[in-house]
Amino acid sequence: MSWWDINNDSVIGDEPADLLVMSLSAIGRDRRSQGRPRPTVQEIMDGLAVALRATAKENLDDGGRISIRRLVCEQAPGPAVVSDDAGGVVDETIVAELRDSLEAIKRVYEERWQRKPRLGEFLETLTFVIGYEPERFMSFPEGAQEIQRVLAE
């Protein structure tokens, strides 16, 4: 498996990316089996924000030192998508799938690096995965968008 330095002693790798691809694909398959379209970027950001908040301490190296108020998905063209902090309805299937993915990614980092992934590494991996052919995992009301990056605030 390959790993890439992204900055300041942080790395992303093939296996964590593959685990996210599997999770996002499973979410899409679940939706199709229900006769529903793939989730929107908003639904993914909302579900991921819930999953991260619930498991950051257990699954992220810096999870005990950070507070995730919201996630921001910068895309072009178009406005950024911000996770809904107003208590919107969140798809529990998305939350569960992404929570499982976080746990699996944690195990990969622990095995290879003897530590959990950092939030920045996880978000950079997510950006890498959904930045390439985002329409593979999400639906867009006006056609495919370019995902530039996902940030936590």
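In what follows, the structure referred to is the one given above.
Description of the structure in this document.

### Some words on the side chain of Thr125
- Mapped onto the elements of the fold, Thr125 is located in helix 4 (residues 119-131).
- Discounting chain neighbours no more than four positions away, the residues touching Thr125 are Ile12, Pro16, Ala17, Leu20 and Tyr109.

### Regarding the sheet that holds strand 5 (residues 146-152)
- The three strands lie next to each other as 4-3-5, forming an open sheet whose pairing is antiparallel. The open sheet is flanked by strand 4 (81-82) and strand 5, the only strands paired with a single partner.
- Taken together, the two bridges between strand 3 (residues 71-76) and strand 4 define a ladder with antiparallel strand orientation. Considered in strand 4, the bridge of Val72 is made with Val82.
- Docked against the sheet, helix 4 engages strand 3 and strand 5, running at close to 165° with respect to strand 5.

### Focus on the nonpolar core
- One finds Leu24, Met45, Leu52, Phe122 and Ile130 to be the most contacted residues of the largest nonpolar core, which totals 40 residues.
- Contributing elements (two or more residues each) for this core: strand 2 (10-13), helix 1 (14-33), helix 2 (41-59), strand 3, helix 3 (92-113), helix 4 and strand 5.
- Setting aside chain neighbours within four positions, we find Met45 in contact with Leu71, Cys73, Val81, Ser83, Leu126, Ile130 and Val150.

Rules of the game
- Residues numbered from 1 in each chain as written.
- Predicted model: local features only at pLDDT ≥ 70, side-chain atom pairs only at ≥ 80, totals over all residues.
- Heavy atoms only, no water.
- Helix = DSSP H or I, 4+ residues; strand = E, 2+ residues; numbered from the N terminus.
- Contact = heavy atoms within 4.5 Å.
- Pairing = 2+ DSSP bridges.
- Axes fitted to C-alpha atoms, helices over the stretch in contact; angles between N-to-C directions.
- Core = buried A, V, L, I, M, F, W, Y, C linked by side-chain atoms within 4.5 Å.
- Buried < 20%, exposed > 50% of the residue type's maximum accessible area, 1.4 Å probe, protein only.

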